[in-house]
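Working through the structure, step by step
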Amino acid sequence: MNDFELKLPKPKIEAKFISTLNNTDIEELCDATEDAILVDGGFGWINPPQRKKLVDYWKGVLLIPERLLIVGKIDNVICGSIQLIKPSRSNEAQSHLCNLTTFFIASWARGYGLAKMLIQEAEKEAKKNKFTIITLEVRETQKRAIQIYNQAGFKKSGENPKSVLIKNKYYSGYYFYKDLIKND
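Structure report, in brief. (Residues numbered from 1 in each chain as written. Predicted model: local features only at pLDDT ≥ 70, side-chain atom pairs only at ≥ 80, totals over all residues. Heavy atoms only, no water.)

**Examining the layout of surface pockets**
Selection criterion: Lining residues are those with an atom within 4 Å of a point, where the points come from a 1 Å grid over the protein atoms alone and group into cavities, where a 1.4 Å probe fits but cannot get out, or pockets, open sets with protein on both sides within 12 Å along at least five of seven lines. Grid points are joined across faces, edges and corners, and a volume is the space filled by probe spheres set on the points. Helix and strand assignments follow DSSP, with helices taken as H or I runs no shorter than four residues and strands as E runs no shorter than two, numbered in order from the N terminus. The classification used treats Ala, Val, Leu, Ile, Met, Phe, Trp, Tyr, Cys and Pro as nonpolar, Asp, Glu, Lys and Arg as charged, and all other residues, Gly among them, as polar.
The volume enclosed by the largest pocket comes to roughly 970 Å³. Surrounding the largest pocket, 42 residues form its lining, Phe103, Phe104, Val138, Ala145 and Tyr149 being those nearest its centre. Secondary structure elements with two or more residues in the lining of the largest pocket: α1 (23-40), β4 (97-105), α3 (114-128), β5 (133-139), α4 (143-151), β6 (155-166) and β7 (169-179). Counting residues per element, the lining of the largest pocket draws most heavily on β4, at seven residues. Considering the residues around the second largest pocket, the lining is formed by Pro65, Glu66, Lys86, Pro87, Ser88, Arg89, Asn91, Glu92, Ser95 and Phe131. Considered class by class, the residues forming the lining of the second largest pocket number three nonpolar, three polar and four charged.

Spelled out as structure tokens, the structure:
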């Protein structure tokens, strides 16, 4: 290292299940969500909604008992999330599986390995809740997310050619699953 190089400390990176959100958490989640929507089209949103709608969305997530929220943080700032959705209690035939959704990381927080950590934490929560299968759907245009799912051991199981409609154009959604007991 020469006299002009600056050695920066390694950032603290974590992914963890949370059951409460304070106002700072909500603001950080909203900031990260807006960034992810602008960069990648977000999880269902094409354009960032009004801030109040985002705030209400994140406040509402924790009110739904069937949703488990896992956040990713860099240096204690929330920069991404992933959710597990449990099946309804009346769905006995699918009581073994949960659905992964709203997986995103703000553009400024990418490249630190947080995506892998979020998926691993989601799998840990799924197992803790006695689920053996995780399912998900991802838009064909979200190439990096598809790579991440493949690297994490998810298997493609189908396609819906008209899953998403953006500006009068259909895009395919790819279905994936992962067996948490064994990898087939």
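**Some words on the packing of aromatic side chains**
Counted only if it meets this: Two rings belonging to Phe, Tyr or Trp (six-membered ring only in the last case) form a pair when the distance between their centres is within 6.5 Å. Interplanar angles under 30 degrees mark stacking, angles over 60 mark edge-to-face geometry, and anything in between is tilted. Residue exposure (1.4 Å probe, protein chains only): buried if accessible area is under 20% of the type maximum, exposed if over 50%, otherwise partly exposed. Only lysine NZ and arginine CZ atoms are considered, and such an atom sits over a ring when it is within 6 Å of the ring centre and within 35 degrees of the ring normal.
Counted according to the given criterion, the structure contains six aromatic pairs. On the numbers, 5.5 Å between centres and 80 degrees between planes, the contact of Trp45 with Tyr57 is edge-to-face. Of the two residues, Trp45 sits in the loop between α1 and α2 (51-61) while Tyr57 sits in helix α2, which places them 12 residues apart along the sequence. Aromatic side chains Trp58 and Phe104 sit 6.2 Å apart centroid to centroid with 50 degrees between the ring planes, which places their arrangement in the tilted category. Here the residue Trp58 occupies a position in helix α2, and Phe104 occupies one in strand β4, the gap between them amounting to 46 residues. The buried category is assigned to Phe104, whose relative accessible area is 6%. Three or more aromatic residues link up through ring pairs in this structure, and these residues are Trp45, Tyr57, Trp58 and Phe104. Sitting over the ring of Tyr174, Lys156 keeps its end group 3.8 Å from the ring centre. Stacked on the ring of Tyr170, the Lys or Arg Lys162 has its end atom at 4.9 Å from the ring centre.

**A short note on the sheet that holds β5**
Basically, it comes down to this: In this description, strands pair whenever DSSP reports at least two bridges between them. Interaxial angle, 0 to 180 degrees, is taken between N-to-C directions of lines fitted to C-alpha atoms, where a helix line uses only the stretch in contact.
Spatially, the seven strands line up as an open sheet ordered β1-β2-β3-β4-β5-β7-β6, and their pairing is mixed. A single partner strand is all that each edge strand has here, and the edge strands are β1 (13-18) and β6. Between one strand and the next, the sheet's axes are offset by a mean angle of 25 degrees, whatever the strand orientation. Inspection of the sheet shows strand β2 (residues 67-74) paired to strand β3 (residues 77-85) by eight bridges, in the antiparallel sense. Bridge pairing in β3 links Val71 to Ser81.

**Points about the pattern of salt bridges**
Our working definition: Salt bridges are defined by distance alone: a side-chain nitrogen of Lys or Arg within 4 Å of a carboxyl oxygen of Asp or Glu.
Applying the stated rule across the entire model yields nine salt bridges. When salt bridges that share partners are traced, they join Glu27, Asp31, Glu34 and Arg51 into one network.

**Quick look at the state of the cysteines**
Covalent bonding between the sulfur atoms of two cysteines defines a disulfide. For clarity, the cut-off: Cysteine sulfur atoms that pair up within 2.5 Å are treated as a disulfide.
One pass over the structure, following the stated rule, counts zero disulfides. Free of any disulfide, Cys30 has its nearest cysteine sulfur in Cys79, 14 Å distant. The exposure class assigned to Cys30 is buried, which follows from its relative accessible area of 0%. Here Cys79 falls in the buried class, since its relative accessible area comes to 0%.

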